[in-house]
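# Residue-level structure breakdown
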Amino acid sequence: MSSKVKVPIQPDWWMKSILGAILSLILAVGLGNLIIVLFKSVIAQDILVQIGMWSIAIFWLPLFFMCFYFVKGWHMLVIMSSTAIVVYSFMLWLRG
């Protein structure tokens, strides 16, 4: 007979869920703004704003689901925070 292996729920699942949702949304908004900054001179402004707005949902869901692949919650916090800092710094550098 087949035996099922029970994997215990990790105690930091709440940290991954709450902080993953918040940090992935912050990162998705930063990536949407980065699209707007990068393609400002190529695409018309009214279309570019719509592309940037709709890209937030496209970025947010995969980033949120990737949060659960990290083993520890603090590791996800460090990686997602540092990635968000890099994206926002690059966006502000391009605007500046």
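What this report covers is the structure whose coordinates are included nearby. Within every chain, residues take consecutive numbers counted from 1 along the sequence as written. Thresholds applied to this predicted model are a pLDDT of at least 70 for local features of residues and 80 or more for the giving and counting of side-chain atom pairs; totals over whole chains, interfaces and linings are not thresholded and use all residues. As a rule here, side-chain values cover all heavy atoms of the structure and leave hydrogens and water aside.

### Remarks on the packing of aromatic side chains
- Here a pair means two rings of Phe, Tyr or Trp (six-membered ring of Trp) with centres within 6.5 Å. Their orientation is stacked below 30 degrees between planes, edge-to-face above 60, and tilted elsewhere. Taken as a whole and assessed by the stated rule, the structure comprises four aromatic pairs.
- Ring centres of W60 and F64 lie 5.9 Å apart, and the angle between their planes is 15°; this geometry places the pair in the stacked category. Here W60 pairs with F64, and both are found in helix α2 (residues 45-66), just four residues apart, close to one helical turn.
- Accessibility here uses a 1.4 Å probe with only protein chains present; expressed as a share of the type maximum, an area under 20% marks a residue as buried, one over 50% as exposed, and anything in between as partly exposed. Under the relative-accessibility criterion, F64 is labelled buried at 16%.
- Judged by centre distance (6.0 Å) and plane angle (40°), the ring pair of F64 and F65 falls under tilted.
- Counting every residue linked through ring pairs, the aromatic cluster contains W60, F64, F65 and F68. Numbering of helices and strands runs from the N terminus, with a helix taken as a DSSP run of H or I at least four residues long and a strand as a DSSP run of E at least two residues long.

### Focus: the packing of helix α1 (residues 13-38) against α2
- Relative orientation of the contacting elements α1 and α2 amounts to 150°, with a least axis distance of 8 Å. Taken together, the axes of α1 and α2 lie roughly antiparallel to each other. Considering the relative orientation of α1 and α2, their crossing is right-handed. Residue-level inspection shows S17, G20, A21, S24, L25, L27, A28, V29, L31, G32, I35 and I36 of α1 in contact with α2, the latter providing L48, V49, I51, G52, S55, I56, F59, W60, L63 and F64.
- Classification used: nonpolar for Ala, Val, Leu, Ile, Met, Phe, Trp, Tyr, Cys and Pro, charged for Asp, Glu, Lys and Arg, polar for all others including Gly. Tallied by class, residues from the contact of α1 with α2 come to 16 nonpolar, six polar and no charged. To get an axis, fit a line to the C-alpha atoms, keeping to the stretch in contact for a helix; angles then go from 0 to 180 degrees between the N-to-C directions. Reported orientations rely on four angle classes, namely roughly parallel under 35 degrees, roughly antiparallel over 145, roughly perpendicular from 65 to 115, and oblique for the rest. In this scheme, a crossing is called left-handed if the near helix is turned counterclockwise away from the far one by less than a right angle; it is called right-handed if the turn is clockwise. Whether two residues touch is decided by their heavy atoms; if any such pair falls within 4.5 Å, the residues are in contact.

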